[in-house]
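So you can see what is in the structure, the chains are spelled out below.
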Amino acid sequence: MKRALFPGSFDPITLGHFDIIRRALALFDEIVVAIGVNGDKNYMFTVEQRKEFIEKAFADEPKVKVSTYQGLTVDYCREIDAQFILRGLRNPADFEFEKAIAHTNRTLSKIETVFLLTAARTSFISSSIVRDVIRNNGDYTVLVPESVRV
């Protein structure tokens, strides 16, 4: 079984994340969307809310699982027997950042990172932009899956 781990904070999941997961379904037998838990970060949404947003967004897709984890991503990959890490790239800055992480992960383990480019229509969306729109009472609903529209 080809299992990919798609790690992130997903605070909240965006249409960009949603698109990457949907497109990756053709590549993998299972995608584990893993919410990284970092006690030092201040999140807008609780881990339970973020997990629920993702589960509802993919309720019709049995190949998508949602979990939470702490610690190194490669350790969690070993724990759940994921052979791949899935990442989305929006721009050249994302690539440089993600490349360094992928090289580090490959040094620490033999897990391959698979990059998918975001769709042009979602390449500008980030969770931090969504949070800023929400904080300022803007219409964030055009940036997130329906499950986040609270």
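Residues numbered from 1 in each chain as written. Predicted model: local features only at pLDDT ≥ 70, side-chain atom pairs only at ≥ 80, totals over all residues. Heavy atoms only, no water.

The protein is annotated in an unreviewed UniProt entry as Phosphopantetheine adenylyltransferase of Capnocytophaga leadbetteri. In its Function (unreviewed entry) section, the UniProt entry covering the protein states "Reversibly transfers an adenylyl group from ATP to 4'-phosphopantetheine, yielding dephospho-CoA (dPCoA) and pyrophosphate." (UniProt positions renumbered as here; feature names shortened; annotations may be inferred.)

**Q** Where do I start with the environment of Ile 80 in this structure?
**A** Following the sequence through the fold, Ile 80 ends up in helix α3 (residues 73-80). Along the sequence, Ile 80 and Arg 50 sit 30 residues apart, while their C-alpha atoms lie 20 Å from each other. With near-sequence residues (within four places) excluded, Ile 80 lies in contact with Arg 3, Leu 5 and Val 32. (Helix = DSSP H or I, 4+ residues; strand = E, 2+ residues; numbered from the N terminus. Contact = heavy atoms within 4.5 Å.)

**Q** What's the story with the UniProt feature "site: Transition state stabilizer" (unreviewed entry) in the protein in this structure? I'm lost.
**A** The UniProt record annotates "site: Transition state stabilizer" (unreviewed entry) at His 17. For His 17, a relative accessible area of 19% translates into the label buried. (Buried < 20%, exposed > 50% of the residue type's maximum accessible area, 1.4 Å probe, protein only.)

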